[in-house]
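Summary of the model geometry
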Amino acid sequence: MNTDIKNELHKLIDDCDNQLLLSEAKTLLESNAQIKDWWDELTDEDKNLVMESEAEYEKGNFISNKELMQQLEAWKRNSLDCSSSKRFLENHKPLLNSFNSQAQLLFA
């Protein structure tokens, strides 16, 4: 931890006469002690899914949200054509599986 920052904070607190500000600063600093790392809250299975997703991203196996939305809009426009829907799903199966895994993590 940077001792210069701590020393500056100590001086600011010592020089402050605003009770409300001091109370808010105290509340903020106390809340920091209660913050947990989200990674530690995950199950081993969820951690593995996150690591797999990161590996896929690093390999370039991803598309932008904008690109995905454009493809989904095109898919909706052509939804009456079953072959194009099937082709879309086949071409994007890894991406959709990864998205599903990430969605499960976020909404579990």
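The rules we used
Residues numbered from 1 in each chain as written. Predicted model: local features only at pLDDT ≥ 70, side-chain atom pairs only at ≥ 80, totals over all residues. Heavy atoms only, no water. Helix = DSSP H or I, 4+ residues; strand = E, 2+ residues; numbered from the N terminus. Buried < 20%, exposed > 50% of the residue type's maximum accessible area, 1.4 Å probe, protein only. Areas by Shrake-Rupley, 256 points an atom, 1.4 Å probe, with all protein chains shown as cover. Lys, Arg positive; Asp, Glu negative; His and termini not counted. Salt bridge = Lys/Arg side-chain N within 4 Å of Asp/Glu carboxyl O. Contact = heavy atoms within 4.5 Å. Phe/Tyr/Trp six-rings, centres within 6.5 Å; stacked < 30°, edge-to-face > 60°.

**Looking at the overall build of the protein**
Along its length, the protein carries seven helices and zero strands. Going residue by residue from the N terminus, the α and β elements of the protein occur as α-α-α-α-α-α-α. Put simply, the protein has 108 residues, and 13% of those count as buried. For the protein, the accessible area works out to roughly 9,600 Å², and carbon and sulfur atoms hold 55% of it.

**A word on the side chain of Lys47**
Along the polypeptide, Lys47 turns up in helix H4 (residues 44-58). Here Lys47 occupies a buried position and makes no salt bridge, while the nearest side chain of opposite charge, Asp44, is found at 4.5 Å. Beyond its immediate sequence surroundings of up to four residues, Lys47 is in contact with Trp39 and Leu42.

**Structural notes on the packing of aromatic side chains**
Overall, the coordinates contain two aromatic pairs when judged by the stated rule. A centroid spacing of 5.7 Å and a plane angle of 80° characterise the contact between Trp38 and Trp39, whose relative ring orientation is edge-to-face. The partly exposed category is assigned to Trp39, whose relative accessible area is 26%.

**Quick notes on the pattern of salt bridges**
A side chain of one charge can pair with a side chain of the opposite charge if their charged atoms are brought near each other. Following the criterion strictly, the structure yields four salt bridges and no others. For the salt bridge of Lys11 with Asp15, the shortest nitrogen-to-oxygen distance reads 2.7 Å. Taken together, the residues span about one helical turn, with Lys11 and Asp15 both in helix H1 (residues 3-15) at a distance of four residues. Accessibility expressed as a relative area gives 53% for Lys11, which makes it exposed.

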